[in-house]
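# A closer look at the structure
What follows is each chain in one-letter form.
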Amino acid sequence: MPVITIERKVLEKNDVIANQNREKFKSKNLFVMNFVSSPGSGKTSLVEKTIEFSRGKFKIGVIEGDVQTNLDAERVNKFNVPVVQIVTNGGCHLEANLVRDAYKNLENEDFDVLIIENVGNLVCPSSYDLGEDIKVVILSTTEGDDKPLKYPAMFRNASVLIINKIDLLPYLDCNIEEMKKNALSINQQLKIFEVSCKTGEGLSEWIEWIQKNVGKS
Ligand code: MG
Ligand code: ZN
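Anyway, here's the lowdown on the structure attached to this text. (Residues numbered from 1 in each chain as written. Chains lettered and ligands numbered in written order. Predicted model: local features only at pLDDT ≥ 70, side-chain atom pairs only at ≥ 80, totals over all residues. Heavy atoms only, no water.)

Examined bridge by bridge, strand β2 (residues 60-66) and strand β3 (residues 83-87) share 5 bridges and lie parallel to one another. Within β3, the position partnered with Gly 65 by the bridge is Ile 86. You can see the chain leave β2, run along helix α3 (residues 71-77) and come back into β3, and the turn it takes is right-handed. (Pairing = 2+ DSSP bridges. Helix = DSSP H or I, 4+ residues; strand = E, 2+ residues; numbered from the N terminus. Right-handed = clockwise from strand over helix to strand, strands pointing away.)

Below, the structure written as structure tokens:
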């Protein structure tokens, strides 16, 4: 019981800051997405492709979360968009206070969409509100079609599911219809996109969907 109490207090404190972040983001008219997934599903590739495909449509800023290194921020930086790296030093998820402090570095930059790339982990990032408008869960075809059933909390709390690496489907046992069925059994409201960050397939639909949300939060 004491453990539960401590955890609840941590989450309550996080929620207060998350709501302050949300107010701040609203005042800047930002559409904010929190990208969550297990390591290796292609979060950073999706960030890169989203920047590339959004050129001339809307502007993006990025907060990169990683356990170690600023390698992902360096990848994103090549696209000449505002980016800041949070290194958690072993921490397995981002918290609202880290996002608040990181955003201070972006506050004077001009962009419409903020992408927060969370630490690769399908468990605790589902409990930590960062002040985002939506969570986007990324699942790659290499991870197997039963993932949504194994990590239901993440799929319940997400608004969008991106199924990545569909170019690999011919080589895998992954049944994409089964994957979608499993995800929708956890959360009927999930908006699903099937994409390949390698070939670019499906990305235009994803960009169009984001564009509809720009300026509306
Ligand atoms: Mg990454
Ligand atoms: Zn964690």
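In the first shell of the zinc ion (ligand 2), the protein supplies Cys 92 (SG), His 93 (ND1) and Cys 124 (SG), at 1.9 to 2.1 Å from the metal. Each donor residue of the zinc ion (ligand 2) belongs to the same chain, with the gaps between them written as C-H-x30-C. By relative accessible area, which is 35% here, Cys 92 ends up partly exposed. You can call His 93 buried: its relative accessible area is 13%. (Donors = N, O, S within 2.8 Å, 3.2 Å for Na, K, Ca; no water. Buried < 20%, exposed > 50% of the residue type's maximum accessible area, 1.4 Å probe, protein only.)

A sheet is described by the order of its strands in space; here 7 strands give the open sequence β3-β2-β4-β1-β5-β6-β7, paired in parallel fashion. At either margin of the open sheet sits one strand with a lone partner, and together these are β3 and β7 (191-194). Taking each pair of neighbouring strands and ignoring which way they run, the sheet shows an average axis angle of 20°. Note that strand β5 (residues 134-140) and strand β6 (residues 160-164) share 5 bridges and pair parallel. Each bridged residue has a counterpart across the sheet, and for Val 136 the counterpart in β6 is Val 160. (Axes fitted to C-alpha atoms, helices over the stretch in contact; angles between N-to-C directions.)

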